Amino acid sequence: MKAFISVLCCLLLLTAQAEAQTVTLQPKAGELPAFIDENGDTIPYIYLPSITIVSKRTFKGKRDEQRFNRLYANVLKVYPIAKAAGNRLRQLEGELAQMPERKHKAHIKKTEDDLKKEYKQQLLNLTITQGKILIKLIDRETSRTSYDLIKDFRGNFQAFMWQSLAGLFGTNLKTGYDLQEDRDIEFILQQIEGENYRPPVRDQPH
């Protein structure tokens with residue numbers, strides 16, 4: 001077992017220069033694949049699947065654990081909608097960039113109608129709490145608040161009207177996603193996405 005661990009450590013420490021000077025050996029049945037390094041030594045290797053290491057969530061007490069479990073369920077419900085919104089926005093912006101500006105309004109309206117048809121029932125079934133989480137996740141996926149998105153595509157007046165309506169339900173469309181404040185949500189997203197996890201759009205390297 002110690003020898004096997006040593007082999008893995010050796011593989012992790014190989015440099016690109018050493019790899020350029022190696023010769024890969026084709027394994028026979030029952031043998032591990034291997035290569036010959038620049039010193040003539042035969043080194044076996046294996047491919048390991050990607051893993052995501054997530055720290056264990058500790059709770060202050062039963063009530064804290066119950067709160068987290070409710071949050072987990074709520075995030076799980078709105079997460080697919082937020083991902084779809086982010087993907088559709090990027091697609092829409094690409095489409096608008098390829099067409100004359102005079103066609104933008106009609107295309108945006110068609111996209112809006114398609115989204116309503118696809119997600120209207122899901123959105124109607126959301127609780128106020130789930131709606132607030134969705135607003136945060138949309139900002140996470142697009143690096144723009146829901147208010148900014150409405151303003152960009154529907155204008156200042158529409159953004160003001162929707163913000164006023166949201167305020168009646170204790171919701172703020174200008175709410176953004178904060179990694180520190182929303183660390184529990186980020187922890188949940190790491191668990192949901194696993195090896196496909198990516199940080200918020202604004203924090204990703206360009």
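Refer to the preceding data block for the structure.
One structure accompanies this document, and this report is about it. (Residues numbered from 1 in each chain as written. Predicted model: local features only at pLDDT ≥ 70, side-chain atom pairs only at ≥ 80, totals over all residues. Heavy atoms only, no water.)

**Regarding the overall build of the protein**
Rules: Runs of H or I in DSSP of at least four residues are treated as helices and runs of E of at least two as strands, each being numbered from the N terminus. When accessible area is computed with a 1.4 Å probe and restricted to protein chains, residues below 20% of their type maximum are described as buried, those above 50% as exposed, and intermediate ones as partly exposed. Whether two residues are in contact is decided by their heavy atoms: any pair within 4.5 Å suffices. Residue exposure ignores everything except the shown protein chains as possible cover, and the areas themselves are Shrake-Rupley values with a 1.4 Å probe.
When its secondary structure is counted, the protein shows 8 helices and 3 strands. Along the chain direction, N to C, the helices and strands of the protein fall in the order α-α-β-β-β-α-α-α-α-α-α. Within the protein, buried positions represent 30% of all 206 residues. Considering only intrachain contacts with a sequence separation of at least 6, the fraction spanning at least 24 residues in the protein is 59%. Of the accessible surface of the protein, which amounts to about 14,500 Å², a share of 56% is contributed by carbon and sulfur atoms.

**Let's talk about the side chain of glutamate 112**
Here is the rule: We call two N or O atoms a polar contact when they sit within 3.5 Å, provided that within protein one can donate a hydrogen and the other can accept it, with sequence-adjacent residues counted only if both atoms are side-chain atoms.
One can find glutamate 112 in helix H4 (residues 104-124). Exposure remark for glutamate 112: the relative accessible area of 18% places this residue in the buried category. Of the polar contacts made by the side chain of glutamate 112, one reaches the side chain of arginine 154; its length is 2.8 Å.

**Considering the environment of lysine 132**
Relative to the helices and strands, lysine 132 resides in helix H5 (residues 128-142). Residue lysine 132 is classed as partly exposed on the basis of its relative accessible area of 36%. Sequence spacing of lysine 132 and glycine 170 is 38 residues, and the spatial spacing of their C-alpha atoms is 9.1 Å. A distance of 3.2 Å separates a polar atom in the side chain of lysine 132 from the backbone oxygen of glycine 170.

**Here's the deal with the pattern of salt bridges**
Quick reminder of the rule: By salt bridge we mean one thing: a side-chain nitrogen of Lys or Arg within 4 Å of a carboxyl oxygen of Asp or Glu.
In this structure the tally under the stated criterion is 15 salt bridges. A salt bridge links glutamate 95 to arginine 88, with the shortest nitrogen-to-oxygen separation between them at 3.6 Å. Glutamate 95 sits in the partly exposed class, given a relative accessible area of 24%. Ionic contacts of the salt-bridge type, sharing partners, join the residues Lys83, Arg140, Glu141, Glu186 and Glu193 into one network.

**Brief notes about empty space enclosed by the protein**
Put simply, the test is: A pocket here means an open set of points on a 1 Å grid, computed over the protein atoms alone, that has protein on both sides within 12 Å along at least five of seven lines. A cavity is instead a set of points where a 1.4 Å probe fits but cannot get out; residues with an atom within 4 Å of a point line either one. Grid points are joined across faces, edges and corners, and a volume is the space filled by probe spheres set on the points. Polar here means any residue other than Ala, Val, Leu, Ile, Met, Phe, Trp, Tyr, Cys and Pro, which are nonpolar, and Asp, Glu, Lys and Arg, which are charged; Gly is therefore polar.
Taken as a whole, this structure holds 1 cavity of 30 Å³ or more when the rule is applied. One number sums up the size of the largest cavity: a volume of about 30 Å³. Lining the largest cavity are Tyr79, Ala82, Lys83, Leu137, Arg140, Glu141, Leu189 and Glu193. Elements that contribute at least two residues to the lining of the largest cavity include exactly helix H3 (62-97), H5 and helix H8 (183-193). A breakdown of the residues in the lining of the largest cavity according to their chemical character gives 4 nonpolar, no polar and 4 charged.

**Comments concerning H3**
As a reminder of what qualifies: Helix span is expected to be 1.5 Å times the residue number reduced by one. The quantity called bend is, for any residue, the angle between two axes fitted respectively to the seven residues ending at it and the seven beginning at it.
The end-to-end C-alpha distance of H3 is 52 Å, a good match for the 52 Å that 36 residues give at a rise of 1.5 Å each. Of all bends in H3, the biggest is about 35°, found at valine 78, and the proline proline 80 comes one to four residues later.

**Considering unusual backbone geometry**
Residues other than glycine seldom take positive phi values, yet serine 143 does so here, at roughly 60°. Relative to the elements of secondary structure, serine 143 occurs in the loop between H5 and helix H6 (146-154).

**What to know about the packing of H3 against H5**
Short version of the rule: Lines are fitted to the C-alpha atoms to define the axes, a helix being fitted only along its stretch in contact, and any angle between axes, read from their N-to-C directions, falls within 0 to 180 degrees. For this classification, under 35 degrees means roughly parallel, over 145 means roughly antiparallel, 65 to 115 means roughly perpendicular, and everything else is oblique. By definition, turning the near helix anticlockwise from the far helix through less than a right angle yields a left-handed crossing, and turning it clockwise yields a right-handed one.
Interaxial distance between H3 and H5 falls to 8 Å at its minimum, and their mutual angle equals 40°. Between H3 and H5, the angle falls in the class oblique. By crossing handedness, the relation of H3 to H5 is classed as right-handed. When its residues are assigned to classes, the contact of H3 with H5 shows 12 nonpolar, 5 polar and 4 charged.

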